[in-house]
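# Fold and contact review
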Amino acid sequence: MPGTVAAPRAGILSELHSRYETVREALSRIDKAAGEMGLPPVSARLTEPGGTSQRRGPEAQYLEIFAVSIATHHMLIAEGVKPVAIVGQSIGELWALAAAGHLSVEDAARLAVARSQVLSRQNWDGKMLAVGVDGRRAESLAGLMNHPDLVLACENAPRQSVISGPERLIEQVERVADAFGWPSLPLDVPHPTHTPAMAQAARDLRATAPRVPYGSGRWRVRSPWLGRDVGDDDPVDLVAGALTARVRMLHTIRELHAAGADAFVECGEWPVVTKFVEASVPGVQCVVPLSESDPVEAVRTLFAETADVGRFRSRLPAPSSTGHGAPARVRTPATVAAVTVPAVSASPAPPATVPAPTPYAASVTYAPVAAPVVEVPVRVAPAAEVLAPAAPVEEVPAPAAAPVTAVPTEAASVTPPASAGLDYDSVLAELRTLYGDFLGYPADLLGEDDGLESELGVESLKQVVLLGRVSDRFDLPDLRANSSLLTVGTLRRIAETVVQGRAEAAA
């Protein structure tokens, strides 16, 4: 399950809400808890397509991310998925605990708000920076400044790490990374975390957060910062401890894969943790149901293709009561079910036409309050669940992380008015030059329909940097937040979006 990521789109849960009673019940319980804390309900905006998309503060944002993760998980369970493990990144671990049944939905919502409030009270002048290098080099980069609060916060993938620290030092780190030619991106998160600077907030949370009932849970939860399964651990202590700890998602993904997890489902809106998964263990199967036109069919298709996953279950020993059992099979971004990925739930097709439910494991993607997670070519699931082999965690946003603007899956080519001064061919030519110069490719070899990641091998972090340059070049600030251009990016889609955006700006 993903951590701190961008606020979900309005109406993202409309289909799941109308289809599953368990989803309606979970959202109702989150709304009830929100109301008791003086916060607005989250379900209306997430289930009504015409709902407002404005940002409403960090507490509401956390609850909406939680709602999306837990709703996706319930969809997976309703479809017959049995998670092998659930993994959460950063605050996504709290979503995973709720999905697994370690604590109630209401208590998870209250604890998420309590966490947000202590971080807001500390009001630390910090920042998180995603850097396109491995953890060893990122740690050395942070060490150059020799400051105790400037540290490697997250190891997301082989070539994606997150550094957290004082804002003025992060700006220096960014300049040094640029001098080395390492791509980097500041994460837009409400509360930078995973640094010793959060020690006071952690103490405050332990002292003020309400202690909640908890138990062993129904599903296995693997913690990327503890490096083990969650056992008889107090949820308040877990959430507080994570504030100053390093999130080792890369290691967790590889441990789960080594234990037999080959399919990951992300319980989030966009590929975040699954990107980490794909980059860390190429060849695994990942799915992000809510990013598909038919979420349920996407899950059924994945499980139909991995129907033989059950034969690996014997390789997954049951977790011990202390949480030190063997690694669970999980595929990492959000609440998940038997799938290696952020918490997510997988579901088999109807009994008459779909094979028996396949076990899945869920993993959570850490999002710095949208565990600002920066996406790196990897298959992960935000708050996702991990599927058994052959068959889904402030948090670094996984990639995760800037506000997401919904864009049609296939943006139709638009011819702008003459006053806009732009046409598709001229925009495409500029994009080819910009991308070619940055990547070192001859412009004429960049096909307009070539997948930037799937065919040209452009890592997601580099795509974010390039999209930012396109945004500046054509004066389209909203373009930076268009996550759909990163998940299925081609020069044609980017050019069409630019033409349309400039036409609307000139209207």
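Residues numbered from 1 in each chain as written. Predicted model: local features only at pLDDT ≥ 70, side-chain atom pairs only at ≥ 80, totals over all residues. Heavy atoms only, no water.

### Focus on the overall build of the chain
A count of helical and extended segments in the chain gives 17 helices and 14 strands. Out of the 507 residues belonging to the chain, those deemed buried represent 62%. By element, 49% of the accessible surface of the chain is carried by carbon and sulfur atoms, the whole surface being about 17800 Å². (Helix = DSSP H or I, 4+ residues; strand = E, 2+ residues; numbered from the N terminus. Buried < 20%, exposed > 50% of the residue type's maximum accessible area, 1.4 Å probe, protein only. Areas by Shrake-Rupley, 256 points an atom, 1.4 Å probe, with all protein chains shown as cover.)

### With respect to the nonpolar core
Nonpolar side chains tend toward joint burial in soluble globular proteins. Core analysis: the largest hydrophobic core is formed by 83 residues, its most contacted members being L13, F66, L94 and W95. Considering every element that reaches this core, the biggest residue donor is helix α4 (residues 58-78), with ten residues. If we ignore the near neighbours within four places in the chain, the residues touching F66 are I30, W95, A98, V105, A108 and A109. Membership of the second largest hydrophobic core comes to 22 residues, among which are L422, L479, L485 and I494. (Core = buried A, V, L, I, M, F, W, Y, C linked by side-chain atoms within 4.5 Å. Contact = heavy atoms within 4.5 Å.)

### Notes on the pairing of strand β5 (residues 160-166)
With seven of seven residues buried, β5 is to be regarded as a mostly interior element. Relative to β5, strand β4 (residues 151-157) is paired through five bridges, and the arrangement is antiparallel. Directly across from E155, in β5, lies its bridge partner S161. Joining the antiparallel neighbours β4 and β5 is a turn of two residues. (Pairing = 2+ DSSP bridges.)

### A closer look at the pattern of salt bridges
Tallying each qualifying case throughout the model produces 23 salt bridges. When the shortest N-O distance is used, the salt bridge between R206 and D237 registers 3.6 Å. One end of the pair, R206, is in helix α9 (residues 199-208); the other, D237, is in helix α10 (residues 235-242), and 31 residues separate them in sequence. For D237, a relative accessible area of 33% puts it in the partly exposed group. Salt-bridge contacts for R222 lead to E255; the nearest nitrogen and oxygen are separated by 2.9 Å. Taken together, the residues span a long stretch of sequence, with R222 in strand β7 (residues 221-223) and E255 in helix α11 (residues 249-258) at a distance of 33 residues. (Salt bridge = Lys/Arg side-chain N within 4 Å of Asp/Glu carboxyl O.)

### Quick word on the sheet that holds strand β3 (residues 126-131)
If you trace the four strands from one edge of the open sheet to the other, you get β4-β5-β3-β6, paired in antiparallel fashion. Two strands close off the open sheet at either side, each with one partner strand: β4 and β6 (184-186). Here the strands of the sheet are splayed against their neighbours by 20° on average, with no regard to which way each runs. Lying over the sheet, helix α12 (residues 273-280) contacts β4 and β5, oriented at roughly 75° with respect to β4. (Axes fitted to C-alpha atoms, helices over the stretch in contact; angles between N-to-C directions.)

### Structural notes on unusual backbone geometry
Phi is positive for N146, which is not a glycine, with a value near 50°. Judged by relative accessible area, N146 falls into the exposed class, the value being 69%. Although it is not a glycine, D475 adopts a positive phi angle of roughly 55°. Within the secondary structure, D475 is located in the loop between α15 (460-473) and α16 (484-487).

### Remarks on the confidence of the model for the chain
Summing up the model confidence of the chain, the mean pLDDT is 78 and the portion of residues at 70 or higher is 74%. Note on residues 308-384: pLDDT under 50 across the span, and 667 contacts to partners over four residues away in sequence or across chains. The model gives residues 387-420 a pLDDT under 50, and that stretch makes 214 contacts with residues more than four places away or in other chains. (pLDDT = per-residue confidence, 0-100.)

### A short note on empty space enclosed by the protein
For the largest cavity, the calculated volume is near 80 Å³. Surrounding the largest cavity, 13 residues form its lining, S90, I91, L238, V239 and A242 being those nearest its centre. Grouping the constituent residues of the lining of the largest cavity by class yields seven nonpolar, three polar and three charged. (1 Å grid on protein atoms, 1.4 Å probe; cavity = no way out; pocket = protein on both sides within 12 Å on 5 of 7 lines; lining within 4 Å. Points joined across faces, edges and corners; volume = space filled by probe spheres on them. Nonpolar A, V, L, I, M, F, W, Y, C, P; charged D, E, K, R; others polar.)

### Focus: the packing of α11 against α12
Across the interface, α11 lies against α12 with an axial gap of 10 Å and an inter-helix angle of 65°. Relative to α12, α11 is oriented so that their crossing is right-handed. Contacts between α11 and α12 pair M249, L250, I253 and R254 from the former with V273, F276, V277 and S280 from the latter. Grouping the constituent residues of the contact of α11 with α12 by class yields six nonpolar, one polar and one charged. (Left-handed = near helix turned anticlockwise from the far one by under 90°.)

### So, the packing of aromatic side chains
Under the counting rule described, the total for this entry stands at two aromatic pairs. With centroids separated by 4.8 Å and ring planes inclined at 25°, the aromatic side chains of F180 and W182 adopt a geometry described as stacked. When the ring centre of F474 is taken as reference, the NZ or CZ atom of R473 above it lies at 4.8 Å. (Phe/Tyr/Trp six-rings, centres within 6.5 Å; stacked < 30°, edge-to-face > 60°. Lys NZ or Arg CZ within 6 Å of the ring centre and 35° of its normal.)

### Concerning the packing of helix α2 (residues 21-36) against helix α6 (residues 105-122)
Running from amino to carboxyl end, α2 crosses α6 at an angle of 45°, the nearest separation of the two axes being 9 Å. As the angle between them shows, α2 and α6 are arranged oblique. Crossing angle aside, the handedness with which α2 passes α6 is right-handed. Facing A26, R29, I30, A33 and E36 of α2, the residues of α6 in contact are V105, E106, A109 and R110. (Parallel < 35°, antiparallel > 145°, perpendicular 65-115°, else oblique.)

### Considerations on the environment of P442
Here P442 shows up in the loop between α14 (424-439) and α15. Taking the relative accessible area as the measure of exposure, P442 reaches 43% and is therefore partly exposed. It is 8.5 Å that separates the C-alpha atoms of P442 and R432, two residues lying ten residues apart in sequence.

### Some points on the environment of L302
Its place among the elements puts L302 in helix α13 (residues 295-305). Classification of L302 by relative accessible area gives buried; the value is 6%. Residues L302 and A263, 39 residues apart in the sequence, show an inter-C-alpha distance of 8.2 Å.

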